[in-house]
Amino acid sequence: MADIETLQSEILAEVEAAGDERALEDVRISALGKKGRVSELMKGLGKMDPEERKTMGPALNGLKNTIVDAIDAKKSALHEAALDARLASEKVDVTLPIAPEAKGSIHPVSQVFDEITAIFADMGFAVKEGPDIEDDFHNFTALNFPDGHPAREMHDTFFFHPDENGDRKLLRTHTSPVQIRTMMQEKPPLRIIVPGKTYRCDSDQTHTPMFHQLEGLVIDKETHMGHLKWCLEEFVKAFFEVDKLRSRFRPHFFPFTEPSAEMDIGYEKVGNEIRIGQGDNWMEILGCGMVHPNVLRNVGLDPDEYQGFAFGLGVDRLAMLKYGIPDLRDFFAADIRWLKHYGFAPLDMPNLASGLSR
Ligand code: DAH
């Protein structure tokens, strides 16, 4: 009996000394686990004579219960202490100043790309991209620019040095090569837009060597000029956020479309402000046309089965027009004052539901 009491006070002392839940679990196993000290004593009960068992049985049970209760009590005490410690270390000081406002802003070109993408996404267009460094085939040949054709010269191309095979890579002069890449990779019907950087050797108030274009391409079996006209008019109205639009499609030449046109939109000048939509003045806004049968053949499509329209527009110029920015070169001057003035709030993603430019 004395042994039991000693063992009890020993184990209770160990329980009391346990500093955390792991240590307490070790104590439990060493006392009550399969090979624990109390369990070993209990195994001995079977070998005792009935008289001895009568006294030892209840004594051992009492010991076990006392220890279980002590462990449970210690466990909840430790648990609470752990929680208190966590609460103390993780406390929030609500008197601290809030996080400072974001310093950056969205560049007008990024903003306009996001706006245009929102409009065309609503019409079911997917976004495609292609490499800035192109080859002659994708930038010119496949787009029906014949070798030596003067249209190649119009583009003021930046060429790389020829490689060992004599092939000259170039910086793409327009986003149209992505038409070719997409048509060679995917089967029609296609409805894509291509936002991206483009390069020409040119620099003045309205030209920079790097600028941004957006290409559009629709290929299907019954696509016609009426679809082109509707699609582009809806786009321009949504982009300039006007209900009415005067527009005209003026014949033009591009090697990769036939017929080709430039789209003009009406505008009026009120003081220094340009109002898009109405008025007697015309402004050229984009190039477009029906995809040339040769282009379709070049990518392995049968022009008797498929046809489509394409368009290309200058994104920087659209940004200048919509947001009244006078000089294109400032776009790329990385002047923090300019960016603060013309930039957009980072968390306002343009969408058609809440208004593009709010
Ligand atoms: N690639 C032309 C350029 O950079 C723009 C263009 C015009 C693209 C008409 C088109 C189009 O897809 O149909 O000058």
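Residues numbered from 1 in each chain as written. Predicted model: local features only at pLDDT ≥ 70, side-chain atom pairs only at ≥ 80, totals over all residues. Heavy atoms only, no water.

## Some remarks on the overall build of the chain
Heads up, the rule is: Comment: elements are numbered from the N terminus, with helices defined as DSSP H or I runs of at least four residues and strands as E runs of at least two. Note that the radius of gyration is over C-alpha atoms, with the globule rule given as 2.2 Å times the number of residues to the power 0.38. Throughout this description, buried means an accessible area under 20% of the type-specific maximum (1.4 Å probe, protein chains only), exposed means over 50%, and partly exposed covers the range between. Here the open area of atoms and residues is found with the Shrake-Rupley method and a 1.4 Å probe, where only the protein chains shown may cover a residue. A positive count includes Lys and Arg, and a negative count includes Asp and Glu. His and the chain ends are not counted in either. Charge coordinates come from a single atom per side chain, which is NZ of Lys, CZ of Arg, CG of Asp or CD of Glu.
Helix and strand counts for the chain come out as 12 helices and 10 strands. Its C-alpha atoms give the chain a radius of gyration of 39 Å, clearly above 21 Å, the size a compact globule of 358 residues would have. Classification of the 358 residues of the chain by burial places 40% in the buried group. About 20600 Å² of surface is accessible on the chain, with carbon and sulfur atoms providing 53% of the total. Looking at charge distribution, the chain has the averaged site of its 41 positive side-chain charges lying 2 Å from that of its 59 negative ones.

## Thoughts on the pairing of strand S8 (residues 273-276)
Just so we agree on the cut-off: Two strands qualify as a pair provided DSSP detects at least 2 bridges between them.
One ladder, built from 4 bridges, connects strand S7 (residues 257-270) with S8; its direction is antiparallel. Note on S8: the bridge partner recorded for Glu-268 is Arg-275. In sequence, S7 turns back onto S8 through a hairpin of 2 residues, with Gly-271 there showing a positive phi of about 60°.

## Some points on the packing of helix H2 (residues 21-32) against helix H4 (residues 50-89)
Rule in force here: Lines fitted to C-alpha atoms define the axes, with helix axes restricted to the stretch in contact, and inter-axis angles between N-to-C directions lie between 0 and 180 degrees. Roughly parallel refers to an angle under 35 degrees, roughly antiparallel to one over 145, roughly perpendicular to one between 65 and 115, and oblique to any angle outside these ranges. Between two residues, a contact is recorded if the distance between any of their heavy atoms is within 4.5 Å. Throughout, the ten residues Ala, Val, Leu, Ile, Met, Phe, Trp, Tyr, Cys and Pro are labelled nonpolar, Asp, Glu, Lys and Arg are labelled charged, and all others, Gly among them, are labelled polar.
It is the contact of H2 with H4, at a shortest axis distance of 10 Å, that shows an interaxial angle of 170°. Classified by the angle their axes make, H2 and H4 are roughly antiparallel. Between H2 and H4, the residues in contact are Glu-21, Leu-24, Arg-28 and Leu-32 and Lys-64, Ile-67, Val-68, Ile-71, Lys-74, Lys-75, Leu-78 and His-79, respectively. Its residues placed into classes, the contact of H2 with H4 shows 6 nonpolar, 1 polar and 5 charged.

## Examining helix H5 (residues 108-122)
Applied cut-off: How far a helix is expected to stretch is found by multiplying one less than its residue total by 1.5 Å.
Over its 15 residues, H5 runs 21 Å from end to end, which matches the ideal 21 Å to within 8%, given 1.5 Å per residue. Among the residues making up H5, those that are buried are Pro-108, Val-109, Gln-111, Val-112, Phe-113, Glu-115, Ile-116, Ala-118, Ile-119 and Phe-120. Its buried side turned inward, H5 meets strand S4 (190-199), strand S5 (210-220), helix H9 (225-240), strand S10 (307-314), helix H11 (315-323) and helix H12 (336-342). Following H5 by one or two positions, Gly-124 has its phi on the positive side, about 90°.

## What about the packing of aromatic side chains?
Under the convention used in this document: In summary, the pairing rule links any two rings of Phe, Tyr or Trp, Trp by its six-membered ring, whose centres are within 6.5 Å, and it sorts them by plane angle into stacked for under 30 degrees, edge-to-face for over 60 and tilted for everything else. A positively charged side chain is recorded as over a ring if its NZ (Lys) or CZ (Arg) lies within 6 Å of the ring centre. The angle to the ring normal must also be within 35 degrees.
Counted by the stated rule, this structure contains 13 aromatic pairs. With centroids separated by 5.9 Å and ring planes inclined at 50°, the aromatic side chains of Phe-331 and Phe-332 adopt a geometry described as tilted. The exposure class of Phe-331 is buried, given its relative accessible area of 4%. Through successive ring pairs, a cluster of aromatic residues spans Phe-120, Phe-125, Phe-235, Phe-239, Phe-240, Phe-309 and Phe-311. Positioned over the ring face of Phe-159 is Arg-168, at 3.7 Å from the centre of the ring. Above the plane of the ring of Phe-239 lies Lys-322, whose end atom (NZ or CZ) is 4.6 Å from the centre.

## Here's the deal with H9
An ideal rise of 1.5 Å per residue puts 22 Å on 16 residues; H9 measures up with 23 Å between its terminal C-alpha atoms. Along H9, the residues classified as buried are Leu-228, Cys-231, Leu-232, Glu-233, Phe-235, Val-236, Phe-239 and Phe-240. Positive backbone phi, approximately 55°, marks Glu-241, located one or two places after H9.

## Section: the site of the ligand
To keep it simple, the criterion reads: Nearness is defined per residue: one heavy atom within 4 Å of the molecule or strand is enough. We define a polar contact as two N or O atoms separated by no more than 3.5 Å, with the added condition that, inside protein, one atom must be a possible hydrogen donor and the other a possible acceptor, whereas residues neighbouring each other in sequence contribute only through side-chain atom pairs. Each cavity reported here is a set of points on a 1 Å grid over the protein atoms alone in which a 1.4 Å probe fits but cannot get out, each pocket an open set with protein on both sides within 12 Å along at least five of seven lines, and each lining residue one with an atom within 4 Å of a point. A cavity or pocket is said to hold a molecule if more than half of that molecule's atoms lie within 2 Å of its grid points.
Near the ligand you find 15 residues, and of these His-174, Ser-176, Arg-200, Gln-213 and Glu-215 are the closest. Gln-179 is positioned such that a nitrogen or oxygen atom in its side chain is 3.1 Å from an oxygen atom of the ligand. Judged by the proximity of its atoms to the pocket grid, the ligand belongs to the largest pocket. Among the elements of the structure, S5, strand S9 (281-291) and S10 are those that each provide at least two residues to the shell around the ligand. The residue inventory of the shell around the ligand, partitioned by class, reads 5 nonpolar, 8 polar and 2 charged.

## Section: the environment of Ile-98
Of note, Ile-98 is situated in the loop between H4 and H5. For the pair Ile-98 and Leu-313, spaced 215 residues apart in the sequence, the C-alpha separation amounts to 43 Å.

## Concerning the nonpolar core
Here is the rule we go by: Joining through side-chain atoms within 4.5 Å is the link that ties buried Ala, Val, Leu, Ile, Met, Phe, Trp, Tyr and Cys residues into a set, and such a set is a nonpolar core.
Core analysis: the biggest nonpolar cluster contains 46 residues, and Ile-116, Phe-120, Leu-214, Phe-235, Phe-240 and Phe-311 have the highest contact counts within it. Of all the elements in the fold, those that place two or more residues in this core are H5, S5, H9, S7, S9, S10, H11 and H12. If we skip the residues at most four places from it in the chain, Phe-240 touches Ile-265, Ile-276, Ile-285, Leu-318, Leu-321 and Lys-322. In this structure, Leu-170, Val-194, Val-295 and Ala-310 belong to the second largest nonpolar core, which totals 22 residues.

## Description of the pairing of S5
Burial analysis of S5 places 10 of its 11 residues in the buried class, which makes it a mostly covered element. Bridge count between S4 and S5: 10 bridges; the pairing is antiparallel. When the sheet's bridge partners are listed, Tyr-199 is paired in S5 with Met-210. Pairing of S5 with S10, which is carried by 8 bridges, proceeds in the antiparallel orientation. The residue bridging Gln-213 from the neighbouring strand is Gly-314, located in S10.

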